[in-house]
Amino acid sequence: MSYPYQIKSLEEYKKAYQQSIEDPEKFWGDIASNFTWRRRWDKVLNWDFKEPKIEWFAGGKLNITENCLDRHLPSLAEKPAIIWEPNNPEERTRVVTYERLHKRVCQFAQVLKNNGVKKGDRVCIYMGMVPELAYAVLACARIGAIHSVIFGGFSAQSIADRLEDAKAEFIVTCDGAYRGGKDIPLKSVIDDALIGNKTVKRVIVYTRTRTPVSMIKGRDVWWEDEMRAVTESGEQAEGYGQIEVMDAEDPLFILYTSGSTGKPKGVVHTSGGYMVWTNYTFVNAFQYQPGQVHFCTADIGWITGHSYIIYGPLTAGATSIMFEGVPTWPDAGRFWDIIDKYKVDILYTAPTAIRSLMGFGLDPLKGKSLASLKVLGTVGEPINEEAWHWYDEHIGKKKCPVVDTWWQTETGGLMITNLAGVTPAVPSWATLPMPGVQALLVDEKGQEITEKDADGYYKGNLCIKAPWPGILRTTYGDHERFKTNYFSTYENMYFTGDGALRDDQGFFRITGRVDDVLNVSGHRIGTAEVENAINMHASVVESAVVGYPHDIKGQGIYAYVTVTGFRGDEQSTRQDIIQTVSRIIGPIAKPDKIQFVSGLPKTRSGKIMRRVLRKIAEGETSNLGDTSTLLDPSVVEEIKNGKL
Ligand code: WTA
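Residues numbered from 1 in each chain as written. Predicted model: local features only at pLDDT ≥ 70, side-chain atom pairs only at ≥ 80, totals over all residues. Heavy atoms only, no water.

An unreviewed UniProt entry lists the chain under the name Acetate--CoA ligase, with Terrimonas ginsenosidimutans given as the organism. If you open the UniProt record of the chain and go to Sequence similarities (unreviewed entry), you find "Belongs to the ATP-dependent AMP-binding enzyme family." (UniProt positions renumbered as here; feature names shortened; annotations may be inferred.)

Trainee: Which residues make up the overall build of the chain, and what are the values?
Mentor: Helices and strands together make up the secondary structure of the chain, namely 19 helices and 30 strands. Relative to the compact-globule value of 26 Å for 644 residues, the chain shows a C-alpha radius of gyration of 24 Å, a close match. With the principal axes as the frame, the chain shows a C-alpha extent of 75 × 60 × 55 Å. A separation of at least 24 residues holds for 71% of the contacts in the chain among residues at least 6 apart in sequence. Side chains of the chain carry 74 positive and 80 negative charges; the gap between the two charge centres is 2 Å. (Helix = DSSP H or I, 4+ residues; strand = E, 2+ residues; numbered from the N terminus. Rg over C-alpha atoms; globule rule 2.2 N^0.38 Å. Contact = heavy atoms within 4.5 Å. Lys, Arg positive; Asp, Glu negative; His and termini not counted. Charge placed at Lys NZ, Arg CZ, Asp CG, Glu CD.)

Trainee: So what's going on with the packing of helix H2 (residues 24-32) against helix H10 (residues 271-285)? Which residues, and what values?
Mentor: Contact pair H2 / H10: the axes reach a minimum separation of 10 Å and the direction vectors enclose 85°. With respect to each other, H2 and H10 are oriented roughly perpendicular. Contact with H2, carried on its side by Phe 27, Trp 28, Ile 31 and Ala 32, involves Val 276, Trp 277 and Tyr 280 of H10 and no other residues of that element. Grouping the amino acids of the contact of H2 with H10 by side-chain chemistry returns 7 nonpolar, no polar and no charged. (Axes fitted to C-alpha atoms, helices over the stretch in contact; angles between N-to-C directions. Parallel < 35°, antiparallel > 145°, perpendicular 65-115°, else oblique. Nonpolar A, V, L, I, M, F, W, Y, C, P; charged D, E, K, R; others polar.)

Trainee: Could you give an account of the packing of aromatic side chains, with specific residues and numbers?
Mentor: Applying the stated rule across the entire model yields 41 aromatic pairs. Measuring from centroid to centroid gives 5.9 Å for Tyr 308 and Tyr 348, while their planes differ by 85°, and the two rings are edge-to-face. Remark: Tyr 348 occurs in strand E18 (residues 346-349) and Tyr 308 occurs in helix H11 (residues 303-315); sequence separation between them is 40 residues. Relative accessible area serves as the criterion here: at 0%, Tyr 308 is assigned to the buried category. Note on Tyr 348: relative accessible area 0%, which makes it buried. Aromatic rings pair up to connect Tyr 5, Phe 27, Trp 28, Trp 37, Trp 41, Trp 56, Phe 57, Trp 277 and Tyr 280 into one cluster. Directly above the aromatic system of Tyr 458 lies the positively charged group of Arg 502, at a separation of 4.7 Å from the ring centroid. (Phe/Tyr/Trp six-rings, centres within 6.5 Å; stacked < 30°, edge-to-face > 60°. Buried < 20%, exposed > 50% of the residue type's maximum accessible area, 1.4 Å probe, protein only. Lys NZ or Arg CZ within 6 Å of the ring centre and 35° of its normal.)

Trainee: So what's going on with the site of the ligand? Which residues, and what values?
Mentor: Close to the ligand lie 17 residues, the nearest being Asp 404, Thr 405, Thr 409, Asp 498 and Arg 524. A distance of 3.4 Å separates a nitrogen atom of the ligand from a polar backbone atom of Glu 381. Measuring from a nitrogen atom of the ligand, one finds a backbone N or O atom of Thr 405 at 2.7 Å. Sorting the residues of the shell around the ligand by element identifies H11, strand E20 (402-405) and strand E25 (508-513) as the ones contributing at least two each. Residue classes in the shell around the ligand are distributed as 6 nonpolar, 6 polar and 5 charged. (Near = heavy atom within 4 Å. Polar contact = N/O pair within 3.5 Å; in protein donor to acceptor, adjacent residues only side chain to side chain.)

Trainee: Explain the pattern of salt bridges residue by residue, including any values.
Mentor: The final tally for this structure, using the stated rule, is 36 salt bridges. With a closest N to O distance of 2.5 Å, Lys 26 and Asp 30 form a salt bridge. Taken together, the residues span about one helical turn, with Lys 26 and Asp 30 both in helix H2 at a distance of 4 residues. Among the salt bridges present, the one from Asp 247 reaches Lys 61, with a minimum N-O distance of 2.3 Å. Remark: Lys 61 occurs in strand E3 (residues 61-62) and Asp 247 occurs in strand E13 (residues 246-247); sequence separation between them is 186 residues. Overall, the relative accessible area of 31% leaves Asp 247 in the partly exposed class. It is possible to trace a salt-bridge network through shared partners that takes in Lys 187, Asp 191, Arg 219 and Asp 220. (Salt bridge = Lys/Arg side-chain N within 4 Å of Asp/Glu carboxyl O.)

Rendered as structure tokens:
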């Protein structure tokens, strides 16, 4: 594989950026020509942010898995596509070559067909990090079914909501998953999620942990049995391994993410643009060279795993590591062992992981070489300078460029980032936009910021002026919501929900969300979502949730709650509320602090003054701003005094 569109110098970056803005159709048309299409597009880009309507490569026909697999077979058949590192380091590694991956994907595609899955059907995937998860994802894409992967840390209730929203008819899951010292009973969670569900017809269960599971006749089948049936008769079966030829704008997947309202939204990505964008950003930001080993530590349940474990690396013919476990098990040297074991070239992880590993000091690094590393990346939340320097010094040994990649579920791939060793790196700055990304900062009214603040930076809300190939196309089943969420805050612009600074060189520093979305350990969680879950608890009258700075998680969840009374004491009620949130959303949304209050600070019109609550949670009680519109200012005093 060669990547003729790989940018090699700052000059080339500037040129590419300029071209991408002046003539986006020519720019992206040239890049897209490097992929396998069954039919060339009629028009590179149609767009209107008012409607909103966005089409890339309209009229083009392709299958993304042909680009991930088939086209590599002549030259890369024996090369590892996926190297799987099990949770338990004593267990055998699995190396899946391109040839093997192709075969397994074709087989499982046939399994899906045998079970009635057709183009456009929604298949929910709820599995641990095993290679079969990647097979399932790619098999869906191969036959044109829309995959919707749900992260293993979500509860039955969250899954049930997503199944209903997507009207999913099929589920692929595991009996259980291993994560560190824990076994997670995935199938049992699915069983709970299916109580009352009316759409799901078939559940395919892969055996991983041999946890006892219930299997319902007519609905649940074993992965192994289905695969055996295909391998025994399959390759001769009609249509085996055959690709569904997709329109560039056919949906590829739905991925649910949190916004400022209570209900997570189903972000929809399509085939053509997403393929080009994940590949282009992968090859450029990480400066991937053929033969290198790429280790993205994310879970495939999140967008980072979709784009930088599966689609970006595989379209590039790369070797991608898939790690089942967690960074701190059996000890805090696990990542470093994996890097040495497979001679990893590129490590892509989250600031929260770096901070947590920093906390173990340098002992876990003793005896680890890390000499294979060439590039380091971070994603998911702003990285503080201390963590950046630790990463650079102790992991990269000051010889690996660190790329700080800002992007979102909605953007499909990296948006603002330095390019490893090609454009400058500045600690805690994401720096320059990728070619095609027209980023700007606006004030509350949507006017571009043209004046610097006292520190010499432009400061405002981050928007994007024009579409890039990886932009989401809609929110599943609710196009109006897509419009309201992203294109209504400011006219004719995509609003990211983030605030940022820009300097004179055009470098961006992302400061964090400006809407009611928290970023806890790099996971997006809506405050309204957590409040709804807390309010489900029988004794809760009302609640307000805000974020506060947390040393390791980046942000912690702080809940102010009013109750009708305590069961036993405060502490046991607190535990009950945490348990409730865990049941309704999942363990990732558990509040870190719950402060019981007699009332919430409200304005005369009944609106909760979150600004005040946020300040108190952050410990900035001396400067609460204007509280004159409060109905009862005495609550604020009480809350301040009771701060946890
Ligand atoms: C935040 C993850 C600062 C941001 C790919 C964004 C970041 C949200 C960075 C999206 C970064 C992501 N620096 N903040 N490098 N990367 N964010 O959808 O607030 O899970 O809006 O996508 O994470 O989270 P999501």
